[in-house]
Amino acid sequence: MKISDNIIEKHGLKKDEFQKISKLLNREPNLLELGVFSAMWNEHCSYKSSKLHLKKLPTKNEYVIQGPGENAGVIDIGDNDAIVFKIESHNHPSFIEPYQGAATGVGGILRDVFTMGARPIALLNSLHFGDITNKKTKSLLNGVVSGIGGYGNCIGIPTVGGETKFHKSYNENILVNAMAVGHADKRKIFYSKARGVNKSVVYVGSKTGRDGIHGASMASAEFDEKSEEKKPTVQVGDPFTEKLLLEACLELMKDDSIISIQDMGAAGLTSSSVEMAFKGGLGMELDLEKVPCREKNMTPYEMMLSESQERMLIILNDGKEANAKKIFDKWDLDFVVIGKTTNTNKLTLKYNDKVEADIPIEALSSKAPIYDRKWKKTKKQNKKRDLIKTINLSFRDAIFKILKSPNQSNKSWVTKQYDQLVMNDTLLRSGSDSAIVRIHNKEKAIALTVDSSANYCNSYPLTGGKQIVCESWRNLISVGAKPISITNCLNFGNPENPEIMGQLVETIDGMREACEYLNFPVVSGNVSLYNGTNKKNIFPTPVIGGVGLIENLNKISDHKFKKTGSKILVIGKTFGHLDQTVFSNEILSLKNGPPPEINLINEKNNGEIIYDFIKKNLVNAVHDVSSGGIILALLEMSMHSGIGAKIAKPKHSLNQFEYFFGEDQGRYIIEIDEQNLNKVEELLEKSSIHYDKIGHTQIDEFQIEKDFREKIIDLNKLNNKWYNNY
Amino acid sequence: MRSTVIVFPGSNCDRDIAVALKKLQFKNEMVWHKDSELPKSDLIVIPGGFSYGDYLRSGAIAAKSTILKEVIKSAERGCLILGVCNGFQILIETGLLKGALLRNKNLKFINDDVYLKVNNKNRFCKKYSNNQIIKLNIAHNEGNYFTSSDHVKNMQDQELIAFQYSNNKGDVNEDYNPNGSMANIAGILNEKKNILGMMPHPERMTDKLIVNEDGLGLFSSILN
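Along each chain, residues carry numbers from 1 onward, in the same order as the chain's sequence is written. Each chain gets a letter, beginning with A, and each ligand a number, beginning with 1, in the order they are written. At least 70 in pLDDT is required for a residue's local features to be given in this predicted model, at least 80 for side-chain atom pairs to be given and counted, and no such filter applies to totals for whole chains, interfaces and linings, which use all residues. Heavy atoms throughout the structure, all of them, feed into the side-chain values; hydrogens and water do not.

Trainee: Looking at this model, I keep getting lost on the overall build of chain A. Mind explaining?
Mentor: By definition, any uninterrupted DSSP run of H or I lasting at least four residues is a helix, any uninterrupted run of E lasting at least two residues is a strand, and each is numbered from the N terminus. Summing up its helical and strand segments, chain A has 25 helices and 28 strands in all. Based on C-alpha atoms, the radius of gyration is set beside the globule rule, defined as 2.2 Å times the residue count to the power 0.38. Computed over its C-alpha atoms, the radius of gyration of chain A comes to 26 Å, within 12% of the 27 Å expected for a compact globule of 726 residues. For chain A, with 726 residues in total, the buried portion stands at 66%. When checking whether two residues touch, look at their non-hydrogen atoms; a contact exists if any pair is within 4.5 Å. When contacts within chain A are restricted to residue pairs at least 6 apart in sequence, those whose partners lie at least 24 apart make up 84%. If the 94 positive side-chain charges of chain A are averaged to one point and the 90 negative ones to another, these points end up 2 Å apart. Three exposure classes are used, based on accessible area relative to the maximum for each residue type with a 1.4 Å probe and protein chains only: buried under 20%, partly exposed in between, and exposed over 50%. Under the counting rule used here, the positive set is Lys and Arg, the negative set is Asp and Glu, and His together with the chain ends is not counted. Taken as the charge location is NZ of Lys, CZ of Arg, CG of Asp or CD of Glu.

Trainee: In this structure, what is going on with the environment of Gly10 of chain B? I would like to understand it.
Mentor: On the secondary structure map, Gly10 of chain B appears in the loop between β1 (2-7) and α1 (14-23). Assessed through its relative accessible area of 4%, Gly10 of chain B is described here as buried. In this structure, the C-alpha to C-alpha distance between Gly10 of chain B and Gly99 of chain B, residues 89 residues apart in sequence, is 24 Å. In this structure Gly10 of chain B touches Cys154, Phe240, Lys243 and Leu244 of chain A together with Gly49, Phe50 and Ser51 of chain B, once residues within four positions along its chain are discounted.

Trainee: Even after reading the chapter, I still don't get the sheet that holds strand β4 (residues 80-84) of chain B, so can you show me in this structure?
Mentor: Strand pairing within a sheet occurs via backbone hydrogen bonds; the two strands may be parallel or antiparallel. All names here are of chain B. Sheet architecture is open: nine strands sit in the order β2-β1-β3-β4-β11-β10-β9-β6-β7, paired in mixed fashion. Edge positions in the sheet fall to β2 (27-32) and β7 (133-140), since each of these pairs with one other strand and no more. Between one strand and the next, the sheet's axes are offset by a mean angle of 25°, whatever the strand orientation. Contacting β1, β2, β3 (43-46) and β4, α1 runs over the sheet at an angle of about 170° to β1. Orientation is described by axes fitted as lines to C-alpha atoms, over the contacting stretch for helices, and by angles from 0 to 180 degrees between their N-to-C directions. Most of the contacts of helix α3 (residues 86-94) go to β4, to which it runs at about 120°, and overall it touches β3, β4, β10 (185-189) and β11 (195-198). In this analysis, strands are considered paired if DSSP registers two or more bridges between them.

Trainee: Help me understand the interface of chain B and chain A, please; the structure alone is not making it clear to me.
Mentor: You'll often see interface size given as the accessible area lost when the parts meet. Between chain B and chain A, the contact holds 30 residues from the first and 30 residues from the second. A quick way to say it: buried area is the sum, across both parts, of accessible area lost when two parts are put together, with a 1.4 Å probe. Counting the surface lost from both chain B and chain A, the interface buries some 2500 Å², and carbon and sulfur atoms represent 53% of this. Contact with chain A buries surface across chain B, with Arg15, Leu209 and Ile210 of chain B losing the most and accounting together for 23% of the total. One speaks of a salt bridge when a side-chain nitrogen belonging to Lys or Arg is within 4 Å of a carboxyl oxygen belonging to Asp or Glu. Across the chain B-chain A interface, the total number found is six salt bridges. For the salt bridge of Asp419 of chain A with Arg204 of chain B, the shortest nitrogen-to-oxygen distance reads 2.8 Å. Pairs of N or O atoms are called polar contacts if they sit within 3.5 Å, as long as, within protein, a hydrogen donor faces a hydrogen acceptor (for residues adjacent in sequence, only side-chain-to-side-chain pairs). Across the contact surface, chain B and chain A share 17 residue pairs in polar contact (both at pLDDT 80 or more). Where the side of chain B that touches chain A is concerned, the elements lending two or more residues are α1, β6 (110-118) and β7 of chain B. Top contributing element to the side of chain B that touches chain A by residue count: β6 of chain B, with four residues. In this count, Pro and Cys sit with the nonpolar residues alongside Ala, Val, Leu, Ile, Met, Phe, Trp and Tyr, while Asp, Glu, Lys and Arg are called charged and the others, Gly among them, polar. Classifying every residue of the side of chain B that touches chain A gives 14 nonpolar, seven polar and nine charged.

Trainee: Just checking my understanding: could you explain unusual backbone geometry for this structure?
Mentor: Peptide bonds are mostly trans, and most non-glycine residues show a negative phi. All names here are of chain A. Here Asn297, not a glycine, exhibits a phi torsion of approximately 55°, which is positive. Within the secondary structure, Asn297 is located in the loop between β9 (283-287) and α12 (300-305). Exposure remark for Asn297: the relative accessible area of 71% places this residue in the exposed category.

Trainee: Just checking my understanding: could you explain the packing of aromatic side chains for this structure?
Mentor: Where two aromatic rings form a pair, the distance of their centres and the angle of their planes describe that pair. Note on ring pairs: Phe, Tyr and Trp rings are taken, using the six-membered ring of Trp, and paired if centres are within 6.5 Å. Classes follow the plane angle, with under 30 degrees stacked, over 60 edge-to-face and the rest tilted. Inspection of the entire model under this criterion finds 21 aromatic pairs over all chains. When the ring of Tyr659 of chain A is compared with that of Phe660 of chain A, the centres are 5.2 Å apart and the planes differ by 90°; the resulting orientation is edge-to-face. Members of the aromatic cluster, each reached through a chain of ring pairs, are Phe129, Phe166, Trp413, Trp722, Tyr723 and Tyr726 of chain A. Over the ring of Trp32 of chain B we find Lys330 of chain A; its NZ or CZ atom is 5.2 Å from the centre of that ring. Two limits define a charge over a ring: the Lys NZ or Arg CZ must be within 6 Å of the ring centre, and within 35 degrees of the ring normal.

Trainee: Is there a simple way to think about the environment of Ile359 of chain A in this case?
Mentor: Residue and element names in this part refer to chain A. The residue Ile359 is located in strand β13 (residues 354-360) in this model. Taking the relative accessible area as the measure of exposure, Ile359 reaches 0% and is therefore buried. Separated by 96 residues in sequence, Ile359 and Asp263 place their C-alpha atoms 21 Å apart. In this view, Ile359 contacts Leu25, Glu33, Val36, Phe37, Asn345, Lys346, Leu347 and Leu364; residues no more than four positions away in its chain are not counted.

Okay, here's the thing in structure tokens:
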């Protein structure tokens with residue numbers, strides 16, 4: 001069959017890419033080969049637009065065992081305990097079919113983690129939906145949330161944290177990012193690198209069906225009005241089978257049967273076999289008639305490109321097949337030797353002994369195209385002068401408006417649909433600065449957080465990139481964790497547009513700077529480009545998943561006020577930056593201006609002193625100040641504890657709106673006992689850290705000078721109102 | 001005291017229950033669903049989760065499994081049986097407990113800490129005081145208990161309703177009913193009072209670091 005231009009285009013390949021394929025093969029590919037190339041060369045699998053820039057990110061510190069390039073990142077938390085984690089996007093499938101798209105996003109990221117020998121212990125997510133008035137938003141929200149819950153609840157892994165945001169730039173392209181975290185024995189981490197010739201290549205898990213064919217290519221293209229027609233490319237998840245696969249794999253991993261193992265995620269059998277062979281410098285030969293199929297008459301093309309879920313590829317040591325099969329039989333899962341490793345450095349696909357495809361592994365991996373795409377710097381916007389003069393509502397109304405706004409309202413409507421406690425090690429749940437999950441049977445824990453701030457990045461990506469890394473760091477500090485490392489999911493628009501490419505490049509630059517300064521490297525991640533429809537791109541949305549370590553379970557903190565009569569302090573200096581804040585965007589509907597600046601030196605100093613306070617048991621509660629400023633942070637501390645506060649702005653030049661709604665970075669609010677005040681002030685002054693004493697806690701009323709006075713119970717009602725009525 | 005926890009494919013609270021039982025010095029064994037024999041035990045626990053993926057209907061397939069035939073025999077001999085969440089659903093499907101567990105009234109999965117009012121006149125709750133208010137965690141899609149009003153009356157008369165959803169003061173009414181259950185029922189006993197099925201998870205509240213230890217009373221009641 002002659003490959004026409006039309007067929008090339010349908011495979012998401014450019015003409016020059018096709019020519020490159022022909023050159024690498026010294027001939028034209030056949031259809032199966034073209035399909036395999038399209039699966040490996042698409043943006044999702046090859047990182048062809050982002051690779052050059054991702055290299056700039058720091059990936060090592062004293063804790064890192066494995067950085068990017070494996071199924072997930074691995075860090076060492078002492079006592080032979082390792083934490084394995086990664087975040088990944090499932091944006092396009094979730095927009096087309098929200099329940100299954102979100103569910104398989106969770107399933108896929110879980111497999112990345114248990115492939116490495118880790119038992120998953122926590123799930124988190126970051127969700128961005130369109131404007132609440134957009135007619136699709138409600139059903140997408142419902143579908144995605146129940147899909148995430150449906151998968152995590154069933155497999156029995158707690159969903160402990162996340163964020164749900166709304167903005168019109170996601171109207172036609174929502175973001176669904178899922179993060180999984182697992183715990184492994186440091187001495188028993190499994191990798192995907194093949195070793196040895198003539199070793200059995202084993203297919204385990206679910207049968208292969210026709211679902212998800214070309215899923216990775218679909219995820220690498222912009223949407224248009226015909227996107228609905230792509231429904232068949234969305235995979236269908238089965239958390240029950242995944243639970244069986246998880247238990248079976250972990251059982252097999254107890255001895256030395258496995259040489260290497262890789263899950264069949266995006267681009268299914270193709271990418272798993274190519275990656276294993278490439279990393280090992282080997283070839284692989286597969287007999288496709290042996291692949292367990294769900295449907296009749298599946299062609300090699302369909303088998304290689306299917307993205308059916310809950311499947312793994314394993315390379316076994318000699319003589320281990322029988323015992324391994326016994327384990328998978330126990331769990332009622334398929335186990336078939338479908339091929340072997342070779343020394344040909346080729347991917348050879350046979351069907352009933354006939355060679356159907358024969359491709360040099362390098363052509364699919366290291367020789368895949370890498371683009372240095374044109375990019376344009378984003379111009380920094382000028383600060384809006386006299387913004388406060390345009391304020392035409394009262395302080396009190398502004399607070400009410402923030403509490404009622406969809407983005408700031410209480411998200412328990414979402415998080416109550418997730419089992420947060422199963423496995424019985426969740427010490428701090430959703431709604432906290434970070435979740436805390438104990439290492440089973442040990443006296444230590446990890447803190448986990450997922451964050452994004454797209455409007456900062458949209459205004460000025462360099463600062464936005466820095467800011468979001470700092471926010472993740474700050475959230476971990478706030479619960480008393482030592483920040484260790486991050487995983488990232490970079491959600492951007494079409495990289496062929498130099499402005500969008502510029503957002504990606506500068507966001508990465510900003511992230512790099514913060515990661516380096518804070519010794520907070522990136523150990524895994526994912527890039528999702530082409531997020532947009534009909535040339536309308538989403539806001540640049542880097543999502544950061546942060547992991548921190550808690551070595552003593554008695555030295556943790558949360559953001560709820562603990563008692564009345566204690567002192568409230570703001571740590572870090574308030575400059576009253578209002579541009580790009582919740583207040584200016586959502587209350588005043590102003591879109592221009594720069595995001596708040598990041599001062600990495602202050603960020604680190606302020607964070608370190610908070611960490612020190614928590615370790616010295618000097619604080620009752622800690623909350624980082626993020627979107628919504630001091631006012632929202634204080635309100636959350638009150639609303640979530642039921643304890644009130646009496647607050648007064650310190651006497652300086654800032655106006656009330658600037659002080660309470662400003663989103664200057666690197667700040668925390670702490671609640672301390674009066675008897676600790678001297679000690680705390682002494683430590684702050686010794687480190688030259690700015691702080692404001694702004695009031696004290698009191699019974700059930702929240703009060704700011706003479707301008708605001710409300711019962712906590714009423715504030716909670718207001719904050720819950722939006723979701724309950726949506 | 002010897003206990004047995006049944007493990008189905010898809011069970012996911014089996015470990016949590018085992019941890020709680022061990023904390024109270026039960027001699028516990030895990031039994032796989034394909035086994036046809038039960039070890040000698042004083043308590044059999046059917047844990048929460050999604051047995052067989054909850055396909056067909058929650059608990060329906062598990063109720064027909066090999067091991068459940070043995071559980072039913074033990075129950076008839078008077079062995080103590082505790083079914084939590086999916087375990088409660090399975091006990092309902094086997095007919096060991098009467099009624100039905102429908103989808104939650106709001107048609108959504110609910111995970112939340114809830115207050116419960118305890119009736120202590122049974123083997124499982126005797127360490128609690130009567131009408132004590134405890135806080136446990138629920139996590140289910142189908143926990144909306146339904147039965148005939150005669151049956152509710154009957155259970156009230158015989159004190160077979162072990163737990164009812166309430167507020168922290170012990171008021172039992174629709175405002176404090178998370179899933180739409182009849183008479184705010186969260187857990188019930190059979191007539192012989194050797195079988196308890198409950199939607200809330202006592203095993204999750206056995207550790208102060210998580211929330212509280214309100215679930216310990218149930219396990220220590222069984223012990224003595």
